Amino acid sequence: MTNAELLTAADVELMQDLAQRITATHPELVNGDASYGELAWNWGKGHAAQGAAWRKRLWFDGDSLVAWGWAQLPRSITRNDGVVKKITGAYLAHQVHPGHGELVDELIDWYEAETEGLERTVLAGAADEFALKRWLARGYEDDPEALGDTGSWTQLNERDLVDVEQPVLPAGYRFRTAGEAGPEAAVQAHVDAWAPSAYTAEAYEGVRRTAGYRGDLHVLVEAPDGTMACSAIMWLDEVNKTAEFEPVGTHPGYRRRGLARAMLLHGMLLARDAGATHMTVACLGAPGHPSARGLYYGVGFREFSRDAPLIKFPAAGPA
């Protein structure tokens with residue numbers, strides 16, 4: 001495997017362009033790994049530490065990217081609590097343009113060749129009936145753990161930006177942008193919200209360098225004691241006039257004070273001023289994860305689409 005087959009920043013920009021083209025005509029077919037903002041976020045925060053375990057395959061029609069696969073191989077992830085998490089299976093992020101469904105089987109062939117002998121997982125879109133049939137025909141099945149009551153499947157939520165409520169913060173709190181607060185504060189806000197976390201200053205620098213990142217659309221709420229109590233990044237797709245929250249997090253010591261609600265409303269107003277007419281945000285959809293879903297529903301979002309996590313176990317060896 002040569003370095004030319006590793007995923008690059010230029011590849012991600014091509015993948016974002018495909019996301020924009022599919023969003024324009026079939027937004028329900030953009031799966032949870034393949035949105036404009038999710039691609040930038042996942043690439044930016046992870047490529048410095050994990051990029052050596054990433055493999056890619058791109059398919060073109062002329063000069064236009066029409067399908068891609070991003071295989072993530074076994075690797076170790078070091079968290080800020082000192083724990084090293086070992087990932088022993090393979091995972092595939094991907095997208096196939098609906099006009100090129102015949103490439104799904106080529107994608108599966110490539111993924112299986114890259115991951116021989118490993119447990120394989122993949123995140124398909126529930127609305128992509130053609131692709132789901134092909135994955136199932138190739139021996140993949142619903143992932144029971146991911147689809148359980150406390151599973152990891154996600155749903156995409158959406159709303160328009162015609163009528164956005166004015167945000168209200170408790171006394172002493174104020175909105176900031178990452179450009180104002182600075183990198184150290186932005187990193188600490190994320191680590192506090194998602195601890196234990198593998199996020200670092202290096203990861204944030206990768207995020208800042210991705211196509212589409214804007215410091216004025218990276219918002220935080222500062223508490224009276226100077227703590228960054230919550231934060232969110234918005235990714236503006238200017239082609240489709242839509243913006244995506246990814247990620248959104250609140251420091252556990254500052255939850256249930258209305259801060260995240262106010263931040264989301266403030267962020268939507270900023271996105272609208274930047275040209276967006278539509279907003280999206282993903283969250284865990286399983287019944288056992290009601291908090292984020294309730295937060296987003298409370299500011300006007302509703303479910304638009306959902307993922308269908310699949311798994312294929314390695315063939316058993318000789319008895």
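These numbers were taken from a predicted model, which means no experiment stands behind them.

Draft legend 1. Looking closely at helix 8 (residues 259-273). In this model, helix 8 (15 residues) spans 21 Å end to end at C-alpha, consistent with the 21 Å of a helix rising 1.5 Å per residue. Every buried residue of helix 8 is listed here: Leu259, Ala260, Ala262, Met263, Leu264, Leu265, His266, Gly267, Met268, Leu269 and Ala271.

Draft legend 2. Quick peek at the layout of surface pockets. Estimated volume of the second largest pocket: approximately 180 Å³. Lining the second largest pocket are 15 residues, and of these Trp43, His47, Gly206, Arg209 and Thr210 sit closest to its centre. Elements represented by at least two residues in the lining of the second largest pocket include exactly helix 1 (9-25), helix 2 (36-50) and helix 7 (201-208). Tallied by class, residues from the lining of the second largest pocket come to 6 nonpolar, 5 polar and 4 charged. Two domains each put at least three residues into the lining of the second largest pocket: domain 1 (9-151 + 308-312) and domain 2 (159-306).

Draft legend 3. Quick peek at the side chain of Thr115. Tracing the backbone through its elements, the reader meets Thr115 in the loop between helix 3 (103-114) and strand 6 (120-125). Of the polar contacts made by the side chain of Thr115, one reaches the side chain of Arg120; its length is 2.7 Å. In this structure, Thr115 is in contact with Leu73, Ala90 and Arg120, ignoring residues within four places of it in sequence.

Draft legend 4. Structural context of unusual backbone geometry. Note that the residue after Ala195, namely Pro196, is joined by a cis bond; omega there is -5°. Residue position: Pro196 is located in the loop between helix 6 (183-194) and helix 7. Residues Glu246 and Pro247 are joined by a peptide bond in cis, for which omega reads 0°. Checked against the element boundaries, Pro247 lands in strand 12 (residues 242-250).

Criteria and cut-off values
Residues numbered from 1 in each chain as written. Predicted model: local features only at pLDDT ≥ 70, side-chain atom pairs only at ≥ 80, totals over all residues. Heavy atoms only, no water. Helix = DSSP H or I, 4+ residues; strand = E, 2+ residues; numbered from the N terminus. Expected span 1.5 Å × (residues − 1). Buried < 20%, exposed > 50% of the residue type's maximum accessible area, 1.4 Å probe, protein only. 1 Å grid on protein atoms, 1.4 Å probe; cavity = no way out; pocket = protein on both sides within 12 Å on 5 of 7 lines; lining within 4 Å. Points joined across faces, edges and corners; volume = space filled by probe spheres on them. Nonpolar A, V, L, I, M, F, W, Y, C, P; charged D, E, K, R; others polar. Domains from an automatic or database assignment. Polar contact = N/O pair within 3.5 Å; in protein donor to acceptor, adjacent residues only side chain to side chain. Contact = heavy atoms within 4.5 Å.

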